[in-house]
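Coordinates in review
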Amino acid sequence: MTSYSLLRETAEYDRLRAQARIWETATARLLDRIALPAGARCLDVGCGPGETVRLLARRVGPAGHVTGLDSDPALVEVVASDLRSENCDILLGDITRDLIPGRYDLVFARLLLFHLPQRVEVVRRLWDAVAPGGHLVIQDYDLTSACCVPAAPGVDEVAALVIESFTAAGCDVRAGLRLSTFLKEAGVGTPDGTDVSGLLVPLSQGGVMLGQVLRSLLPSAIANGVTTRDKAEAALARLTDDAAGDPDRPMLWPLMAGIWKTRP
């Protein structure tokens with residue numbers, strides 16, 4: 001796995017939790033589509049702060065079990081402590097090189113492939129962990145869809161810096177639109193179904209999250225020559241001015257694409 005481009009610190013973990021909760025409804029809809037049953041064994045790869053692990057644990061009930069896998073040692077320790085009384089466990093592991101333990105009724109990954117250069121190989125590894133009759137469910141972003149109407153210069157500038165910074169770090173900012181291609185190239189075949197979710201929020205809300213993402217990316221962006229701290233702070237100030245001047249302006253978040261495939 002390449003160097004993760006976002007900070008590994010408390011403020012970023014809090015942002016990830018908020019982001020996961022925002023997309024919980026979209027993920028729940030996919031779980032409805034595959035009819036995830038009570039008692040199922042699930043694996044959440046790149047589980048982050050564990051919000052989807054909690055969602056899955058509620059779905060499968062006490063007869064089921066959920067395993068979360070993440071490569072951040074500090075985050076794994078925190079989440080494992082938080083979830084130790086529930087029907088789940090959290091493991092430290094790198095999906096690009098470590099053996100996935102066991103096979104599962106559901107293998108789930110959200111905003112994982114986005115960060116990884118080995119996307120096709122990772123899809124192959126995820127599919128190998130799906131038990132017969134089980135499901136692979138993947139969700140990922142198309143970052144290029146984020147915008148305001150009418151356009152807001154500060155939003156456009158910060159969004160462009162976010163996209164350029166992720167790209168410079170080796171991320172695929174349109175991974176969501178390529179999910180079907182990744183499955184085909186991994187030998188998995190055509191998805192059984194697809195889904196796209198969007199979210200419209202006021203600029204006062206969306207601008208905060210956008211600014212937090214750039215701040216978390218800033219060390220990586222500076223190291224890769226994308227921007228300087230002074231230029232980034234100036235762009236963030238213009239974003240703040242946009243939100244203050246028109247807080248209710250509609251802002252579209254990045255689209256979240258989803259696919260699912262059932263193993264015969």
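Please refer to the structure placed before this passage.
Notes on the structure follow. (Residues numbered from 1 in each chain as written. Predicted model: local features only at pLDDT ≥ 70, side-chain atom pairs only at ≥ 80, totals over all residues. Heavy atoms only, no water.)

The next thing to look at is empty space enclosed by the protein. Counted by the stated rule, this structure contains 1 cavity of 30 Å³ or more. One number sums up the size of the largest cavity: a volume of about 820 Å³. Along the walls of the largest cavity sit 50 residues, with Tyr-4, Leu-16, Gln-19, Leu-111 and His-115 positioned nearest its centre. Looking at the lining of the largest cavity, the elements that each hand over two or more residues are helix H1 (10-22), strand S1 (41-45), helix H3 (51-60), strand S2 (65-70), strand S4 (104-110), helix H6 (153-168), helix H8 (203-223) and strand S9 (250-252). At 5 residues, H1 tops the list of elements feeding residues into the lining of the largest cavity. In terms of residue class, the lining of the largest cavity is made up of 33 nonpolar, 9 polar and 8 charged. (1 Å grid on protein atoms, 1.4 Å probe; cavity = no way out; pocket = protein on both sides within 12 Å on 5 of 7 lines; lining within 4 Å. Points joined across faces, edges and corners; volume = space filled by probe spheres on them. Helix = DSSP H or I, 4+ residues; strand = E, 2+ residues; numbered from the N terminus. Nonpolar A, V, L, I, M, F, W, Y, C, P; charged D, E, K, R; others polar.)

This next bit is on unusual backbone geometry. Val-149 connects to Pro-150 through a cis peptide bond whose omega is -5°. By the element assignment, Pro-150 lies in the loop between strand S6 (147-148) and H6. For Ala-35, which is not glycine, the phi torsion reads 55° and is therefore positive. Positive phi, close to 55°, is recorded for Leu-111, a residue that is not glycine. For Leu-111, the location among the structural elements is in the loop between S4 and helix H5 (119-128).

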